[in-house]
Amino acid sequence: MNPSVWLPDPDQLMSTRVADLMTTVGMPIDPNDIDGSVRRFVRWSQQHPERFWPAVLDDLGVVWSRNYSQVVDLSAGPEWADWFPGGETNIAMNCLDIPAAEMPDDLALIAEDEDGNSRRWSFGDADREVQRLAQLLSGLGIERGDRVACLMPMVGEVVFAMLATMKIGAIFIPIFSGYAPPSVRERLEDSGARLLFTADVGKRRGRQFDLKSQADMAVDGLETLQHQVVLRRGDGEAPMTEGRDLWWQDAVASVEGDSCTAMMAAMDPALMIYTSGTTGKPKGTVHTHAGCLAQMGKEVRYNFDVRP
């Protein structure tokens, strides 16, 4: 095996979150053998998932409404692994409900557009946006397990659409806003999406484009798609189909009160991300509530060493 081409400064390395985790599980870094320490830890994590994952989840502060009975059940074979059986949680509860209650004024989200203009939301602000949007979804008949697609520009409201969808137990499907209508339709049709979040206009590389008309072509005649929630970013003159289309801002303006967060089984789907389709029909890869919290949390906390 080739030696590492670069090693971090030992003092810097010892202050990282991954170093703290290694100490917690009884495998601290040996300053005289950093490379070997890390390789042994990775090997240990692969061989002992029943010890590794609880340590990670505890370190991440993941909250369960009902604790899991074991880390993974492989009785049906490794291809049908059942992770955290018996456990119940929700991504929205962990990422927004709890921080909004504990630190409502702390910064939660920054959205910056192509022109450098930025908008900021605190956890309290974000919680109010998601609460109203979740109530809107429920009012439109979206239920646990339904698929909700999102064809939107890179704006902060995408985060609210995603968390509101997950909050009520529905499955969020992001779709690249640069796809042509047939590609969008293929994903909507395959997933059986009941609602589409979109916007009247988008902007890319300094040029504004009509996103609503692209969305309309994609959903035309699609029986499963019942609603479009349209974020107004332009002049508000985009054509709207009565009974199907709603302006986002108008629809949530009259919504009041709180929306309950659905408690989901660990392996319940939260997210469906489609492959590009460059090598065949796009496939919807399914990600679960516990899986997203565990894997994405691990990457952000240890690989990127993100801090408050």
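Residues numbered from 1 in each chain as written. Predicted model: local features only at pLDDT ≥ 70, side-chain atom pairs only at ≥ 80, totals over all residues. Heavy atoms only, no water.

(A) Molecular detail of the overall build of the protein. Along its length, the protein carries 11 helices and 15 strands. Seen through its principal axes, the protein has C-alpha atoms that stretch 65 × 45 × 45 Å. Within the protein, the fraction of its 308 residues that count as buried is 45%. Within the structure as shown, the protein displays about 16400 Å² of accessible surface, and the carbon and sulfur contribution to it stands at 51%. Distance between charge centroids for the protein: 4 Å, based on 29 positive and 45 negative side chains. (Helix = DSSP H or I, 4+ residues; strand = E, 2+ residues; numbered from the N terminus. Buried < 20%, exposed > 50% of the residue type's maximum accessible area, 1.4 Å probe, protein only. Areas by Shrake-Rupley, 256 points an atom, 1.4 Å probe, with all protein chains shown as cover. Lys, Arg positive; Asp, Glu negative; His and termini not counted. Charge placed at Lys NZ, Arg CZ, Asp CG, Glu CD.)

(B) Structural view of the packing of helix α5 (residues 91–102) against helix α7 (residues 157–167). Put simply, α5 and α7 touch, their axes get as near as 8 Å, and they point 125° apart. With respect to α7, the element α5 is oriented oblique. As α5 runs across α7, the sense of the crossing is left-handed. Of the residues in α7, those touching α5 at Ile 91, Ala 92, Leu 96 and Asp 97 are Leu 163, Met 166 and Lys 167. When grouped by side-chain class, the residues that make up the contact of α5 with α7 number 5 nonpolar, no polar and 2 charged. (Axes fitted to C-alpha atoms, helices over the stretch in contact; angles between N-to-C directions. Parallel < 35°, antiparallel > 145°, perpendicular 65-115°, else oblique. Left-handed = near helix turned anticlockwise from the far one by under 90°. Contact = heavy atoms within 4.5 Å. Nonpolar A, V, L, I, M, F, W, Y, C, P; charged D, E, K, R; others polar.)

(C) The arrangement of a nonpolar patch on the surface in detail. The grouping of Val 300, Phe 304 and Val 306 at the surface amounts to a nonpolar patch, some 290 Å² of accessible area in total. Following the sequence through the fold, Phe 304 ends up in the segment after α11 (289–303). Owing to a relative accessible area of 62%, Phe 304 belongs among the exposed residues under this scheme. (Patch = residues over 30% accessible without salt bridge, like charges linked within 9 Å, V, L, I, M, F, W, Y side chains within 5 Å. Salt bridge = Lys/Arg side-chain N within 4 Å of Asp/Glu carboxyl O.)

(D) Representation of the side chain of Arg 187. With respect to the helices, strands and loops of the structure, Arg 187 is situated in helix α8 (residues 181–191). For the buried Arg 187, no salt bridge exists, and the shortest N-O distance to an oppositely charged side chain is 4.2 Å, to Glu 186. A polar contact of 3.0 Å, which involves the side chain of Arg 187, links it to the backbone oxygen of Ser 183. At 3.2 Å, the side chain of Arg 187 and the backbone oxygen of Ser 276 are in polar contact. (Polar contact = N/O pair within 3.5 Å; in protein donor to acceptor, adjacent residues only side chain to side chain.)

(E) Seen up close, helix α9 (residues 211–219). Leu 211, Lys 212, Ala 215, Asp 216, Ala 218 and Val 219 are the residues of α9 that are buried. The buried side chains of α9 occupy one side of the element, clustering within an arc of 160° when seen end-on. With its phi angle positive at about 75°, Gly 221 sits one or two positions after the end of α9. (Arc of directions from axis to C-beta.)

(F) The arrangement of the packing of aromatic side chains in detail. Tallied over the entire structure, the rule returns 10 aromatic pairs. Aromatic pair Phe 52 and Trp 53: ring centres 5.0 Å apart, planes at 75°, arrangement edge-to-face. In this pair, the class of Phe 52 matches that of Trp 53, namely buried. A cation over an aromatic ring shows up here: Arg 232 above the ring of Trp 247, its NZ or CZ 4.6 Å from the ring centre. (Phe/Tyr/Trp six-rings, centres within 6.5 Å; stacked < 30°, edge-to-face > 60°. Lys NZ or Arg CZ within 6 Å of the ring centre and 35° of its normal.)

(G) Looking closely at the pairing of strand β10 (residues 207–210). Of the pairings in the sheet, the one linking strand β9 (residues 201–204) to β10 comprises 4 bridges and is antiparallel in character. Looking at β10, one finds that Arg 204 is bridged to Arg 207. Linkage of β9 to β10, two consecutive antiparallel strands, is achieved through a turn of 2 residues, within which Arg 205 is found at a positive phi near 55°. (Pairing = 2+ DSSP bridges.)

(H) Examining the nonpolar core more closely. Counting 82 residues, the largest nonpolar core has Phe 84, Leu 133, Leu 188, Phe 197 and Trp 248 as its most contacted members. Here the element with the most residues in this core is helix α6 (residues 123–139); it accounts for 7 residues. (Core = buried A, V, L, I, M, F, W, Y, C linked by side-chain atoms within 4.5 Å.)

(I) Geometry of the packing of helix α2 (residues 17–24) against helix α3 (residues 34–47). In the contact formed by α2 and α3, the axes pass within 12 Å of each other and the chain directions differ by 65°. Of the two elements, α2 crosses α3, and the hand of that crossing is left-handed. Only Ser 37, Val 38 and Phe 41 of α3 make contact with α2, whose side of the interface consists of Val 18, Leu 21 and Met 22. By residue class, the composition of the contact of α2 with α3 is 5 nonpolar, 1 polar and no charged.

(J) Summary view of the environment of Ala 270. Within the secondary structure, Ala 270 is located in strand β14 (residues 269–274). Each C-alpha atom of the pair Ala 270 and Phe 84 lies 15 Å from the other, and the pair is 186 residues apart in sequence. For Ala 270, the contacting residues outside a window of four places in its chain are Ile 91, Met 166, Ala 170, Ile 171, Phe 172, His 287, Thr 288 and His 289.

(K) Structural context of the environment of Ala 238. When you line up the elements, Ala 238 lands in the loop between β11 (227–231) and β12 (245–247). Placed 128 residues apart in sequence, Ala 238 and Ile 110 show a C-alpha to C-alpha distance of 27 Å. Aside from chain neighbours lying at most four places away, what touches Ala 238 is Asp 200, Lys 212 and Trp 247.

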